[in-house]
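# Survey of secondary and tertiary structure
As a plain string of letters, each chain reads:
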Amino acid sequence: MNHRRVSLPENARIGELDAEVATLDGRRIEASTRVSDLEREQKQADQDVELVKTRRARNEERLNSGAVTNPKDLEGLQHEIVALDRRIGTLEDAELEVMEALEEAQGRLDEVVKALEELRVQHDEVAARRDTALGEIDAELSDAEAGRGALAARVPDDLLALYEKLRANQGGVGAALLRAKRCEGCRLELNGADLRELSQAPDDEVLRCPECSRILVRTSESGL
Ligand SMILES: [Zn+2]
């Protein structure tokens, strides 16, 4: 029963899903970092554009105010405005690129988060199935234990003690059927001399396997 508990196929599936979740979570962290980086870059790009635009507006104001009359200064201002316009264009292109990259990165992050959610739902479903299976095994186990308890109550104390001792020493199996001359505990076939001896034993005598010393249970199929 314990073997069945451990070897449930759901356990293996849960292990696989855990590994997939871990991998995907790594990708989620990467994607999320990329989004944060690009958000910071976008903010910086916005500020860069704003800074140059403010400067251009100031120059234009000075130009239109009539305060600058020297032709050389006026020409200088006009040249600077043209240069600032070029700079604004370049910065806005860069800003656009960052925005596009951010949108792409956000899309990837959304995909990973969605896949991760689906994986977790799957994980929960398998875990629920496993818990149901475990519950069934536990119920069978307690049925078997109840049955064993009822049986043990009818077995003489010394025989029960022998059985318990053998069970502890022989990997959980204290008694075995003798079937077709073979002990079903150790799977060894008994030799002719041993079989003859067993066949002559009275019905109420407790027989033991000469090979593994487990209690042998005789049936019509024992081959005696
Ligand atoms: Zn045996």
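Residues numbered from 1 in each chain as written. Predicted model: local features only at pLDDT ≥ 70, side-chain atom pairs only at ≥ 80, totals over all residues. Heavy atoms only, no water.

### Details of the overall build of the protein chain
Check the secondary structure of the protein chain and you find five helices and four strands. When the 224 residues of the protein chain are sorted by exposure, 24% land in the buried category. Each charge class in the protein chain can be summarised by its mean position, and for the 33 positive and 49 negative side chains these summaries are 4 Å apart. (Helix = DSSP H or I, 4+ residues; strand = E, 2+ residues; numbered from the N terminus. Buried < 20%, exposed > 50% of the residue type's maximum accessible area, 1.4 Å probe, protein only. Lys, Arg positive; Asp, Glu negative; His and termini not counted. Charge placed at Lys NZ, Arg CZ, Asp CG, Glu CD.)

### Focus: the coordination of the zinc ion
Protein coordination at the zinc ion: the donors are C183 (SG), C186 (SG), C209 (SG) and C212 (SG), at 2.2 to 2.4 Å from the metal. If you look at the zinc ion, its four donor atoms make angles of 102 to 113 degrees with each other, and the shape they trace is tetrahedral. The sequence pattern formed by the donor residues of the zinc ion is C-x2-C-x22-C-x2-C. Residue class for C212 comes out buried when judged on its relative accessible area of 8%. (Donors = N, O, S within 2.8 Å, 3.2 Å for Na, K, Ca; no water. Tetrahedral: all angles 85-135°; square planar, octahedral: opposite > 155°, others 65-115°.)

### Some points on the layout of surface pockets
Estimates place the volume of the largest pocket at around 410 Å³. Lining the largest pocket we find 18 residues, and of these V155, L159, A175, I215 and V217 sit closest to its centre. Mapped by element, the contributors of at least two residues to the lining of the largest pocket are helix 3 (71-154), helix 4 (157-169) and strand 4 (215-217). Volume-wise, the second largest pocket comes out at about 200 Å³. Every residue lining the second largest pocket is listed: L141, A144, E145, R148, Y163, R167 and G172. Taken together, the elements giving at least two residues each to the lining of the second largest pocket come down to helix 3 and helix 4. Looking at the lining of the second largest pocket, the element that brings in the most residues is helix 3, giving four residues. (1 Å grid on protein atoms, 1.4 Å probe; cavity = no way out; pocket = protein on both sides within 12 Å on 5 of 7 lines; lining within 4 Å. Points joined across faces, edges and corners; volume = space filled by probe spheres on them.)

### Considering a negative patch on the surface
The grouping of D93, E97, E100 and E103 at the surface amounts to a negative patch. Structurally, E97 is set in helix 3. (Patch = residues over 30% accessible without salt bridge, like charges linked within 9 Å, V, L, I, M, F, W, Y side chains within 5 Å. Areas by Shrake-Rupley, 256 points an atom, 1.4 Å probe, with all protein chains shown as cover. Salt bridge = Lys/Arg side-chain N within 4 Å of Asp/Glu carboxyl O.)

### Quick look at the sheet that holds strand 3 (residues 207-208)
Neighbouring strands of a sheet are bound in pairs by backbone hydrogen bonds; such pairs are parallel or else antiparallel. Strand order across the open sheet formed by four strands is 2-1-4-3, with mixed pairing between neighbours. Edge positions in the open sheet fall to strand 2 (182-183) and strand 3, since each of these has one partner strand only. Taken strand by strand, helix 4 contacts strand 1 (175-179), strand 3 and strand 4, and its axis lies near 110 degrees from that of strand 4. (Pairing = 2+ DSSP bridges. Contact = heavy atoms within 4.5 Å. Axes fitted to C-alpha atoms, helices over the stretch in contact; angles between N-to-C directions.)

### Here's the deal with helix 5 (residues 192-200)
Of all the residues in helix 5, the buried ones are D194, L195 and L198. Buried residues of helix 5, seen end-on, are gathered within an arc of 100 degrees and therefore sit on one face of the element. Residues of helix 5 that are exposed and point more than 90 degrees away from the buried face comprise R196, E197 and Q200. Looking at the buried positions of helix 5, the neighbouring elements they touch are strand 1, strand 3 and strand 4. N-cap assignment for helix 5: the residue whose side-chain oxygen lies 3.1 Å from the backbone N of A193 is N191. (Arc of directions from axis to C-beta. Polar contact = N/O pair within 3.5 Å; in protein donor to acceptor, adjacent residues only side chain to side chain.)

### Overview of the confidence of the model for the protein chain
Mean pLDDT over the protein chain: 94, with 100% of residues reaching 70 or higher. Looking at the elements of the protein chain, mean pLDDT is at its lowest for helix 1 (residues 2-6), recorded as 77, and at its highest for helix 2 (residues 9-65), recorded as 96. (pLDDT = per-residue confidence, 0-100.)

### Notes on the environment of L195
You can see L195 is positioned in helix 5. Along the chain, L195 and H123 lie 72 residues apart, while their C-alpha atoms are 55 Å from each other. In this view, L195 contacts K181, L190 and L224; residues no more than four positions away in its chain are not counted.

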